[in-house]
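Each chain, written out:
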Amino acid sequence: MVAHILKLKLTLLRNGFRRSTWQLVGVIIGTLYALGVVAMLILAAWFSADLQWLSYISILASSLVVIGWAIVPPLLTGVDLTLEPQRFVHFGIEPKTLGRALVLAGFVSIPALITVLAMAGFSVLWRLDPGVLLLALVANLGTAVLAVFGCQYLTIQPPRCAPSAASARPRS
């Protein structure tokens with residue numbers, strides 16, 4: 001079921017780009033711009049001399065990424081109504097499976113992929129020690145997952161089932 005919902009998300013994304021050429025152009029320009037900014041930040045981190053201050057800045061930047069994902073999408077764009085949990089109530093999907101599928105579908109977006117790439121790239125700050133570099137890569141990827149997961153958690157409301165006949169009766 002999870003694979004089916006992910007395929008649905010990819011189909012919806014593809015059809016959205018087919019529907020509007022200007023939307024596709026805007027997404028391409030925005031993606032190239034974001035990738036350029038990420039590449040410049042990673043190169044700046046690579047060639048920086050003071051790695052101690054950059055490690056503090058990276059911790060602050062990681063925190064801002066998580067806070068940004070928690071605030072910006074829910075307030076500005078809201079939930080993707082095509083994959084709203086209420087639409088899947090009639091199919092009898094277990095809430096645990098549906099939740100897992102909808103969270104994974106949140107990663108099928110350009111901002112989520114750029115966030116994962118950026119957080120993985122910022123691991124170069126710890127390039128002098130291979131063990132710490134591996135730990136930083138895992139921690140930064142975990143931060144990206146936490147950011148996208150937090151956004152999905154804040155925007156997706158769980159499906160509400162209809163009240164049963166026993167709970168709908170007035171109590172005496």
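This text follows the structure it describes.
Residues numbered from 1 in each chain as written. Predicted model: local features only at pLDDT ≥ 70, side-chain atom pairs only at ≥ 80, totals over all residues. Heavy atoms only, no water.

(A) Layout of the overall build of the chain. When helices and strands are counted, the chain shows 7 helices and 0 strands. Counting helices and strands in the order they occur from the N terminus, the chain gives α-α-α-α-α-α-α. Considering the chain as a whole, with its 172 residues, one finds that 29% of them fall into the buried category. Counting only carbon and sulfur atoms, one obtains 72% of the accessible surface of the chain, whose full area is about 11700 Å². (Helix = DSSP H or I, 4+ residues; strand = E, 2+ residues; numbered from the N terminus. Buried < 20%, exposed > 50% of the residue type's maximum accessible area, 1.4 Å probe, protein only. Areas by Shrake-Rupley, 256 points an atom, 1.4 Å probe, with all protein chains shown as cover.)

(B) Seen up close, the environment of M1. Note that M1 resides in the segment before α1 (2-19). Through-space distance from the C-alpha of M1 to that of E94 is 9.9 Å; in sequence the pair is 93 residues apart. When near neighbours in sequence (up to four residues on either side) are disregarded, M1 contacts I93 and T97. (Contact = heavy atoms within 4.5 Å.)

(C) Summary view of a nonpolar patch on the surface. A grouping of L60, L64, I67, I71, V72, L75 and L76 is seen on the molecular surface, where their side chains present a nonpolar patch of about 730 Å² in accessible area. With respect to the helices and strands, the residue L64 is situated in helix α3 (residues 51-77). (Patch = residues over 30% accessible without salt bridge, like charges linked within 9 Å, V, L, I, M, F, W, Y side chains within 5 Å. Salt bridge = Lys/Arg side-chain N within 4 Å of Asp/Glu carboxyl O.)

(D) Structural view of the packing of helix α2 (residues 21-46) against helix α5 (residues 110-121). The geometry of α2 relative to α5 is characterised by a closest axis approach of 10 Å and an angle of 10 degrees between their N-to-C directions. Judged by the inter-axis angle, α2 sits roughly parallel to α5. Mapping the contact onto sequence places V27, T31, A34, L35, V38 and I42 in α2 and I110, I114, L117, A118 and G121 in α5. Of the residues that constitute the contact of α2 with α5, the class distribution is 9 nonpolar, 2 polar and no charged. (Axes fitted to C-alpha atoms, helices over the stretch in contact; angles between N-to-C directions. Parallel < 35°, antiparallel > 145°, perpendicular 65-115°, else oblique. Nonpolar A, V, L, I, M, F, W, Y, C, P; charged D, E, K, R; others polar.)

(E) Here's a closer look at the packing of aromatic side chains. Applying the stated criterion to the full structure yields 0 aromatic pairs. Lying across the ring of W46, R127 places its NZ or CZ 4.5 Å from the centre. (Phe/Tyr/Trp six-rings, centres within 6.5 Å; stacked < 30°, edge-to-face > 60°. Lys NZ or Arg CZ within 6 Å of the ring centre and 35° of its normal.)

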